[in-house]
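The residues making up each chain are set out below.
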Amino acid sequence: MITQALDVARIRQDFPILAQEVHGRPLVYLDNAATTQKPRQVIDALVRYYETTNANIHRGIHQLAVRATEQYEAVREKATRHIGASNSQDIVFTRNATESINLVARAWGDANIGEGDEIVLTTMEHHSNIVPWQLLAQRRGAVLRYVAVTDDGYLDLESLRAMVGERTKLVSVVHASNVLGTINPVREIAEVAHQAGALVLVDGAQSAPHMAVDVASMGCDFFAFSSHKMLGPTGVGVLWAREGLLDEMDPFLGGGEMISIVRPDRSTWAEGPHKFEAGTPNIADVIAFGTALDYLAELGMERVREHEKELTAYAMAALEDLGGVTIHGPRKLEDRGGVVSFTVDGAHPHDVSTILDGHGVAIRAGHHCAQLLMRRLSVPATNRASFYIYNTEQEVDALVAALRHVQEVFGDADTRTAV
Ligand code: 7TS
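Quantities reported herein were computed from a predicted structural model and do not represent experimental measurements.

Reading guide: rules and limits
Residues numbered from 1 in each chain as written. Predicted model: local features only at pLDDT ≥ 70, side-chain atom pairs only at ≥ 80, totals over all residues. Heavy atoms only, no water. Core = buried A, V, L, I, M, F, W, Y, C linked by side-chain atoms within 4.5 Å. Buried < 20%, exposed > 50% of the residue type's maximum accessible area, 1.4 Å probe, protein only. Helix = DSSP H or I, 4+ residues; strand = E, 2+ residues; numbered from the N terminus. Contact = heavy atoms within 4.5 Å. Pairing = 2+ DSSP bridges. Axes fitted to C-alpha atoms, helices over the stretch in contact; angles between N-to-C directions. Near = heavy atom within 4 Å. Polar contact = N/O pair within 3.5 Å; in protein donor to acceptor, adjacent residues only side chain to side chain. Areas by Shrake-Rupley, 256 points an atom, 1.4 Å probe, with all protein chains shown as cover. Nonpolar A, V, L, I, M, F, W, Y, C, P; charged D, E, K, R; others polar.

Caption draft 1: Main features of the nonpolar core. Core analysis: the biggest nonpolar cluster contains 80 residues, and Ile 83, Leu 160, Phe 223, Leu 231, Phe 289, Ile 389 and Tyr 390 have the highest contact counts within it. No other element matches helix H10 (residues 283–299), which puts 11 residues into this core. Contacts of Phe 289, omitting those with residues within four sequence positions, involve Val 75, Phe 225, Ser 227, Met 230, Gly 232, Pro 233, Val 236 and Val 238. Counting residues in each nonpolar core, the second largest holds 27 residues, with Leu 30, Leu 322, Val 340 and Val 361 among its members.

Structure follows, in structure tokens:
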């Protein structure tokens with residue numbers, strides 16, 4: 001249970017949920033792109049906060065309020081470090097990556113996108129990086145354009161270059177695809193966008209948990225991600241904006257915490273990220289997210305990435321050996337994250353997942369909130385195994401054994417074609 005990169009046996013001891021059986025078999029949790037499990041340290045941080053510190057932040061002068069505020073603000077620093085940013089005042093806490101993107105669509109989009117302006121997206125986006133822009137385009141009369149995906153699962157950069165022009169105001173692109181695993185060349189994309197005077201949002205929901213991210217060298221203007229996909233609690237998202245951008249933006253939500261002075265007819269806004277954090281935030285979960293960031297920092301994101309590469313290589317080879325399975329997405333390990341989408345010949349993805357569940361193997365089936373991509377792949381749905389720091393090669397073996405059972409159920413595996 002030791003890959004070259006991580007001591008997985010030791011890591012697994014930190015995850016109480018993994019010790020259970022499902023349908024009489026050891027749980028094999030391979031649905032990490034949906035959400036990851038939480039180490040005991042994160043769970044303990046939540047309980048500790050409520051047992052020792054609970055208070056509302058930024059407003060109290062008493063000891064608990066001061067401590068809660070310090071702990072909450074310290075996570076802003078940790079999130080800043082995690083993505084290679086330099087100023088914690090450029091970090092806004094939201095509910096999830098989806099809300100981070102919606103915040104930009106509202107607070108930046110409404111003020112900067114007008115009739116006939118173009119927003120460039122890609123066919124491999126998660127719905128959370130499509131629908132907010134559709135709503136904005138409907139409000140403002142803007143036009144959405146989509147960069148094509150090649151047959152081998154990459155963005156067609158030629159189509160991007162041809163598409164981005166003087167009407168383009170924003171290019172919003174996923175860093176790592178939740179379906180294909182593709183890691184997109186966001187730096188190159190940002191250069192193309194910036195040459196045209198457009199801003200760049202990077203959806204980092206599937207990259208920030210799995211690899212070292214550096215927004216400075218990436219050159220993007222906005223970066224969005226979620227705590228729950230990286231060992232942290234649900235209900236916490238992050239939006240990073242390039243220095244100065246938050247100051248130029250109007251608030252997304254109004255209320256307490258986000259104001260400076262309130263008058264009967266209008267108000268002035270608090271400085272920095274506080275302008276975007278109206279009301280009592282998710283204090284406990286943000287603080288526990290800080291513990292998740294500590295956990296990842298201690299492992300080292302390079303090693304996390306290395307571990308996932310090893311597992312992905314092992315899984316792709318095992319699926320190809322099995323035969324009768326189509327793997328979607330790039331073959332080159334350097335270009336993909338730890339997400340392996342596949343379809344089993346002659347079996348519907350939902351049936352596959354149901355049979356796997358009977359083996360204790362949790363994977364996702366469906367369109368993965370990427371219907372445009374499903375249409376591009378000409379499939380209604382796929383199965384998806386997605387890995388994280390606690391997964392092992394033995395678990396991949398369990399996946400493959402369960403898939404062999406699927407093939408037995410659905411017919412003669414010998415007649416299938418290997419991919
Ligand atoms: N962007 C990408 C690339 C994602 O994979 C997801 C969630 C989101 C945005 C939205 O994140 P949220 O935390 O705001 O919900 N992806 C998935 C998935 O692949 N299966 O379940 C959720």
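What follows picks up the thread again.
Caption draft 2: Layout of the sheet that holds strand E14 (residues 339–344). Taken together, 4 strands build an open sheet; the order of strands is E13-E14-E17-E16 and the sheet is antiparallel. Each end of this open sheet is capped by a strand with a single partner; those strands are strand E13 (325–328) and strand E16 (364–366). Strand-to-strand twist in this sheet, taken as the mean axis angle between neighbours without regard to direction, amounts to 30 degrees. Two strands pair when backbone bridges link them, and E13 and E14 are joined in this way by 4 bridges, in the antiparallel orientation. Bridge pairing in E14 places Val 325 opposite Val 344. Its contacts with the sheet put helix H12 (residues 349–358) on E14, E16 and strand E17 (382–386), and the angle it makes with E16 is roughly 160 degrees. Across the sheet, helix H14 (residues 393–410) touches E13, E14 and E17, and the angle it forms with E14 is around 15 degrees.

Caption draft 3: Summary view of the site of the ligand. Surrounding the ligand, one finds 17 residues, the nearest of these being Thr 98, Asp 203, Ser 226, Arg 364 and Arg 384. Residue Asn 178 places a side-chain N or O atom 2.9 Å away from an oxygen atom belonging to the ligand. Contact between the ligand and Ser 226: an oxygen atom at 2.6 Å from a side-chain N or O atom of the residue. For the ligand, whose free accessible area comes to 490 Å², the fraction covered by protein is 89%. Classifying every residue of the shell around the ligand by side-chain character gives 5 nonpolar, 8 polar and 4 charged.

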